[in-house]
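So the chains spell out like this:
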Amino acid sequence: MLKPSNPGLHIQFTMQNLKQIPVSSSCEPSKYEYKKSSYTEMFKVLHSLRQDEVFCDIKLEADDGKIIFGHKVVLASASPYFHAMFTNFAESNKDLVAIKHLNSTAIQLLVDYIYSGEVVVTEKNVQILLPAANLLQLQEIKEACCDFLRTQLHHTNCFGINALADLYSCMELLKSSELYTQQHFSEVVEGDEFLSLSSEQVIKLISSDKLIIPSEEKVFESVIRWVKHELDSRKCILPQLMEHVRLPLTSKNFIVENVVKEPLLNNCPKCKDYIIEALQFHLLKSAEDLISIPQNIRTKPRHARSSHKVIFVVGGQGAKAIGSTEWYDPQINRWQIGPEMITRRCRGGVAVLKDNFVFAVGGVFKTLHQSVDVLDLTSESPCWKPTADMLVKRKELGVGVIKDCLYAVGGFDGTSCLNSTEVFDCKTQKWCMVSSMSTRRSGFGVGVLNDVLYVVGGYDSSRQSLNTVECYHPSFDTWTSVADLCVRRSGVGVGVLDGVLYAVGGYDGLEVRSSVEVYRPASTRVWTTIADMNLCRRNAGVVALDGLLYVVGGRDGISNLDSVEFYNPITNTWSMLEASMHVARYFAGVVAINM
C-alpha cells in the first residue's frame, strides 16, 4: 500500500477539501434513498436454498405424509396463516408441522408460489388450490382460482362451481355462477347437476325474477323432472316447488294438455289449487277483465337481468289520426314497430298501470272518443283490447297514474274546454268523477310527482295559451294552484325526472317554443328556465328513462317531426337522437315500458 510522505499534510489537505463541499440551505437534513427495483434474484437464492434444504427451519407434513421444507420467516411474510402459526401458537417452537386436510401437491404449489411468485392454475389443480389458498389465506391465489373458474362456467358445471364459491366465500364467483344459471336456465336444468340440487337450491333458482327462459313452461317441466328423479323422497316437496312456478303465465293449451294431465299434480290437493288459479287467470283474460286479476308472484312476469325499459309511442296525428305504435330500445339505438291499435286516436292520453298495462284514453278519429283501449304487455302476443269507457268524451286531455288509479283530466268535449276529472279504479273496473279543476283547459301537460298530479299550461275556453299550473291531491280530493310558468304554453310536454317537473316547448300564442323550464316542489317551488331544446316543438311526447329526459316528435309550427332529443340534467345539455321514428307524429302518447 502506498503511504503519503507527509501524513499530516495529507490529513490537512483532506479536511480542507471537505470544508469546501457546499451545504444545503434547507432545514431538512440531506439524504439519498436507494431502493432495490426487484427482489427476483434474492428469492431465487431463497428458493434454491429451500430446494437444497439449507437453513430450512420448518418442515410441513401433508395429509399423504410427504414433507415440504421451508423457512419460517419467508412463509410467515407471505401467509397470515403461517405468520400466526409461527408467532402465536405452539408450532412456533417446532420444526415439523402437520397441515391437516391438504395434500402435498397443493402445499407444494403454494410454497413454490411464495418463493417464486408464480403459479399455474389448471382444470386439474384448481379444486385443490382453491381450498388450500383459502386455508393459508393467500388471497391473490384464491382470486386467481376464481378468475379461472369464471372462465370455465358451462351448463354442465355451473352448479358445482357455485357450490365451491359458496363454500369458500368467493362472492364475485358466486354472483357470476348464479347469473350464469339464470341466463342459461334451459340448458342447465337438462344436466345431471340440476338433479342433484337440494330442494332449497331448486326453490331459490325457480323463484328468481331474473331467469331468462323461452316460456314459463320450461320451469314447470324442470320441476317435474327434478321430483321424478327421486320420486319417493321428493314428491312431498312438490307443493312448495309449484308455489314458485308461474303457471298462470303458461299458455292455456299447455295447462290443459300437459299440466292438468300430470299425475303428480292430480294426486296433490294444493297443486290442484295452483291449476285452478292458472285457469281462472286465463278465464279473466278472455273476459277482458285484465286489471282485476289478483296479483301475486305467480302472475308476475319475470324481469331478467337483461331486461330493460324502452320508449313506447302510441298513435298521434300525422296527415290524419295514426293507428300505429312503435318503440325505441336505447341499448340498440333502434325503433321497431309495435302492435297496431284497434281504435285510431290522436289527441288522446296514454298511461301505464301496474307496470304491465298500457291504456290509450279518449282522443279523436272521425268522432270524439270516450272509449279506452288497453294493451297487456304480459301476454304471449300483446294486442289492444277495449275496456271500460270514460264517463265523458274527451280529446286533448291529460292522464296520470297515482297508486294504480288512472286519472283523466280536462280536455275538449267538442263544444267547450273541460275542467272535470274522472278516475278509473282497477278494483271496481269503473270510472267515477272527482273534484274539478279551477280552470277549464285543454292541450296541457300532466306530470305526477310524489303522488300529486300536476296540470301545466294549455288552452282556456277562448283558446288563449295559459301559464297557470294547478295540482290535485287525491288524499283530499282537492285542487291547489301553484306557481305560474315563466311563459304561456299550450301543447306543452311535461315529464318528471329525479323529483323535478319539466315543461317542454309548447305554443305561447305567437310562436312554437324550444325553451324549457323546471319546477322543484321540494325546494324552490318556482319555475326556472334551463337550456333550450335543439328544435321548437309543440304537442311532443315527454318521458324519463335511465336518467335522461326524452322529447319525442311533436310539431315545429310547419311540419310534423319524427326526430327525438334528450336532456342530460347533469350537463344541462340537449342532444339529438341518431335514430328517428318510422312515422312523424305529434299529439302521440309516449311512455316507458318494460321490454
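This text goes with the structure placed above it.
The written sequence of each chain sets the order in which its residues are numbered from 1. Only residues with pLDDT of 70 or above have their local features reported here, since the model is predicted, and side-chain atom pairs are shown and tallied only from 80 upward, although totals for entire chains, interfaces and linings are computed over all residues. Hydrogens and waters are ignored; side-chain quantities use all the structure's heavy atoms.

A.B. asks: Now, about helix H12 (residues 199-206): what can you tell me, with residues and values included?
C.D. replies: Accessible area is worked out with a 1.4 Å probe on protein chains only. A residue is then buried under 20% of its type maximum, exposed over 50%, and partly exposed in between. Strands are runs of DSSP state E lasting at least two residues, helices are runs of H or I lasting at least four, and both sets are numbered from the N terminus onward. The set of residues buried in H12 consists of Ser-199, Val-202, Ile-203, Leu-205 and Ile-206. Buried residues of H12, viewed axially, fall in a sector of 165°; they line one side. Residues of H12 that are exposed and point over 90 degrees away from its buried face: Glu-200 and Lys-204. Here the arc refers to the set of directions running from the helix axis out to each C-beta atom.

A.B. asks: Describe in detail the nonpolar core, supporting the description with residues and values.
C.D. replies: By size, the foremost hydrophobic cluster in this structure holds 77 residues, and its most contacted members are Leu-60, Leu-75, Phe-194, Phe-220, Leu-238, Leu-241 and Met-242. Here the element with the most residues in this core is helix H5 (residues 104-116); it accounts for seven residues. In what follows, residue pairs with any heavy atoms lying within 4.5 Å of each other are defined as contacts. In contact with Phe-220, not counting residues within four places along its chain, are Met-242, Val-245, Leu-247, Phe-254, Val-259, Glu-262 and Leu-265. By nonpolar core is meant a set of buried Ala, Val, Leu, Ile, Met, Phe, Trp, Tyr and Cys residues that side-chain atoms within 4.5 Å join together. Ile-311, Val-564, Phe-566 and Val-590 belong to the second-largest nonpolar core, a separate cluster that totals 16 residues.

A.B. asks: Break down the pattern of salt bridges for me, citing the residues and quoting the values.
C.D. replies: A pairing counts as a salt bridge when a side-chain nitrogen of Lys or Arg comes within 4 Å of a carboxyl oxygen of Asp or Glu. Tallied over the full model, the rule gives 19 salt bridges. Put simply, Glu-216 and Arg-302 hold a salt bridge, and the shortest N to O gap is 2.6 Å. In this pair, Glu-216 is assigned in the loop between H12 and helix H13 (217-229) and Arg-302 in the loop between helix H18 (269-286) and strand E4 (309-314), connecting sequence segments 86 residues apart. We classify Glu-216 as buried; its relative accessible area is 6%. For Arg-302, a relative accessible area of 13% translates into the label buried. In this structure, Arg-298 engages Glu-277 in a salt bridge whose closest nitrogen and oxygen atoms are separated by 2.7 Å. Note that Arg-298 is positioned in the loop between H18 and E4 and Glu-277 in helix H18, a separation of 21 residues in sequence. The exposure classification of Arg-298 matches that of Glu-277, with both residues buried. Bridged by salt links that share partners, the residues Asp-209, Arg-246 and Lys-300 form one connected network.

A.B. asks: Give a detailed account of the sheet that holds strand E15 (residues 417-425), specifying residues and quantitative values.
C.D. replies: Ordered in space as E13-E14-E15-E16, the four strands form an open sheet in which the pairing is antiparallel. At either end of the open sheet lies a strand with only one pairing partner, and these are strand E13 (398-402) and strand E16 (430-434). Each neighbouring strand pair of the sheet contributes to a mean axis angle of 25°, computed without reference to strand direction. We treat two strands as partners when DSSP finds at least two bridges between them. Here E15 runs beside E16; their pairing, made up of five bridges, is antiparallel. The partner of Val-423 across the bridge, within E16, is Cys-432. Axis definition: a line fitted to C-alpha atoms, limited for helices to the stretch in contact. Angles are taken between N-to-C directions and run from 0 to 180 degrees.

A.B. asks: An account of the packing of helix H7 (residues 139-151) against helix H9 (residues 171-183) is requested, with residue identities and associated values reported.
C.D. replies: Packing of H7 against H9 leaves a shortest axis separation of 9 Å and a crossing angle of 10°. Relative to H9, the element H7 is oriented roughly parallel. Side by side, H7 and H9 meet where Cys-146, Leu-149 and Arg-150 of the first sit next to Glu-172, Leu-173 and Ser-176 of the second. Three classes are used: nonpolar for Ala, Val, Leu, Ile, Met, Phe, Trp, Tyr, Cys and Pro, charged for Asp, Glu, Lys and Arg, and polar for all others, with Gly counted as polar. Partitioning the contact of H7 with H9 into residue classes produces three nonpolar, one polar and two charged. Here the word oblique covers every angle except those under 35 degrees (roughly parallel), over 145 (roughly antiparallel) and from 65 to 115 (roughly perpendicular).

A.B. asks: Break down the packing of aromatic side chains for me, citing the residues and quoting the values.
C.D. replies: Put simply, two rings from Phe, Tyr or Trp (the six-membered ring, in Trp's case) pair if the centres are within 6.5 Å, and we call them stacked under 30 degrees between planes, edge-to-face over 60, tilted for the rest. A complete count under the given rule lists 15 aromatic pairs for this structure. Ring centres of Phe-159 and Phe-194 lie 6.4 Å apart, and the angle between their planes is 40°; this geometry places the pair in the tilted category. Of the two residues, Phe-159 is situated in helix H8 (residues 158-167) and Phe-194 in helix H11 (residues 192-195); the sequence distance between them amounts to 35 residues. Each member of the pair, Phe-159 as well as Phe-194, carries the same accessibility label: buried. Put simply, the rings of Tyr-81, Phe-82 and Phe-86 touch in pairs and so form one group of aromatic residues. One Lys or Arg, Arg-463, reaches over the ring of Tyr-459 and ends 3.9 Å from the middle of that ring. Lysine and arginine charges are scored as sitting over a ring when NZ or CZ, respectively, is within 6 Å of the ring centre and within 35 degrees of the ring normal.

A.B. asks: How would you sum up H9? Please name residues and give values.
C.D. replies: Helix span is expected to be 1.5 Å times the residue number reduced by one. For H9, with 13 residues, the first-to-last C-alpha span of 18 Å sits near the 18 Å given by 1.5 Å per residue. Within the sequence span of H9, burial applies to Leu-173, Leu-174, Ser-177, Tyr-180, Thr-181 and Gln-182. Tucked inside the fold, the buried residues of H9 contact H7, H8, helix H10 (185-188) and H12.

A.B. asks: Account for the side chain of Glu-262, with residues named and values stated.
C.D. replies: By the element assignment, Glu-262 lies in the loop between helix H16 (252-259) and helix H17 (263-266). Taking relative accessible area as the criterion, Glu-262 reaches 11% and is therefore assigned buried. In contact with Glu-262, other than residues within four places in its own chain, are Phe-220, Ile-224 and Lys-228.

A.B. asks: Tell me about the packing of H8 against H9, and name the residues and values.
C.D. replies: Following both chains from N to C, one finds H8 and H9 inclined at 155°, their axes separated by 8 Å at the closest point. By the criterion of interaxial angle, the relationship of H8 to H9 is roughly antiparallel. The way H8 lies across H9 gives a crossing that is left-handed. Residues Cys-158, Phe-159, Ile-161, Asn-162, Ala-165 and Asp-166 of H8 pack against Leu-173, Leu-174, Ser-177, Glu-178, Tyr-180 and Thr-181 of H9. When grouped by side-chain class, the residues that make up the contact of H8 with H9 number seven nonpolar, three polar and two charged. In this scheme the handedness of a crossing depends on how the near helix is turned from the far one: anticlockwise by less than a right angle means left-handed, clockwise means right-handed.

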